[in-house]
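Here is how the chains run, residue by residue.
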Amino acid sequence: MADTTIKVDEQVRDRLRTVAEERGLSTRALAESVLMGLSTQAERDERAARGLAYVRAHLCPDLSPHDIERADAWYAGIVAGQAGEVR
């Protein structure tokens, strides 16, 4: 495996070292672990497509694009704190 250098400011470098030490890892191992745990847009799109295929195959064969748009809007409202009752 070829090595490469990634330039970050001192604050980021120091934080990376601190977090790695707290977890008993090298900075390299921590950086690799964190980065490999993140998904790309293509991976997220693929996961969403598989999820929709499962829902259509097993739960709701007539799920429409409009249903998905409504669900997205509902979820966005929840995230924004605009859905449901305020208690």
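Below: a short report on this structure. For clarity, every value in this text was computed on a predicted model and none was experimentally measured.

## Let's talk about the overall build of the chain
The secondary structure content of the chain amounts to four helices and zero strands. Secondary structure of the chain in N-to-C order comes out as α-α-α-α. Computed over its C-alpha atoms, the radius of gyration of the chain comes to 21 Å, more than 25% above the 12 Å expected for a compact globule of 87 residues. Across its three principal axes, the chain shows a C-alpha extent of roughly 50 × 40 × 25 Å.

## Describing the layout of surface pockets
In this structure, the largest pocket encloses a volume near 670 Å³. Together, 17 residues line the largest pocket, and Thr4, Ile6, Leu16, Arg28 and Ala31 are the ones closest to its centre. Broken down by secondary-structure element, the contributors of at least two residues to the lining of the largest pocket are helix H1 (10-22) and helix H2 (27-36). Per-element accounting of the lining of the largest pocket gives the leading share, six residues, to H2. Classifying every residue of the lining of the largest pocket gives nine nonpolar, three polar and five charged.

## Focus: the packing of H1 against H2
In contact at an axis separation of 8 Å, H1 and H2 are set at 95° when each is read in the N-to-C sense. In terms of their interaxial angle, H1 and H2 are classed as roughly perpendicular. In this structure, H1 contributes Leu16, Arg17, Val19 and Ala20 to the contact, and H2 contributes Thr27, Leu30 and Ala31. Among the residues forming the contact of H1 with H2, the class breakdown is five nonpolar, one polar and one charged.

## Focus: H1
In a regular helix each residue adds 1.5 Å, so 13 residues correspond to 18 Å; H1 covers 18 Å between its end C-alpha atoms and thus fits that length. In this structure Asp9 caps H1, since a side-chain oxygen of it lies 3.2 Å from the backbone nitrogen of Gln11. Phi turns positive one or two residues past the end of H1, at Gly24, with a value near 70°.

## Things to note about the pattern of salt bridges
Counted by the stated rule, this structure contains four salt bridges. Between Arg13 and Asp14 there is a salt bridge whose closest N-O contact spans 2.8 Å. Taking relative accessible area as the criterion, Arg13 reaches 32% and is therefore assigned partly exposed. Looking at Asp14, the relative accessible area reads 34%, which means it is partly exposed. Several salt bridges converge on common partners, so that one network encompasses Asp3, Arg28 and Glu32.

Reading the values: the criteria
Residues numbered from 1 in each chain as written. Predicted model: local features only at pLDDT ≥ 70, side-chain atom pairs only at ≥ 80, totals over all residues. Heavy atoms only, no water. Helix = DSSP H or I, 4+ residues; strand = E, 2+ residues; numbered from the N terminus. Rg over C-alpha atoms; globule rule 2.2 N^0.38 Å. 1 Å grid on protein atoms, 1.4 Å probe; cavity = no way out; pocket = protein on both sides within 12 Å on 5 of 7 lines; lining within 4 Å. Points joined across faces, edges and corners; volume = space filled by probe spheres on them. Nonpolar A, V, L, I, M, F, W, Y, C, P; charged D, E, K, R; others polar. Axes fitted to C-alpha atoms, helices over the stretch in contact; angles between N-to-C directions. Parallel < 35°, antiparallel > 145°, perpendicular 65-115°, else oblique. Contact = heavy atoms within 4.5 Å. Expected span 1.5 Å × (residues − 1). Polar contact = N/O pair within 3.5 Å; in protein donor to acceptor, adjacent residues only side chain to side chain. Salt bridge = Lys/Arg side-chain N within 4 Å of Asp/Glu carboxyl O. Buried < 20%, exposed > 50% of the residue type's maximum accessible area, 1.4 Å probe, protein only.

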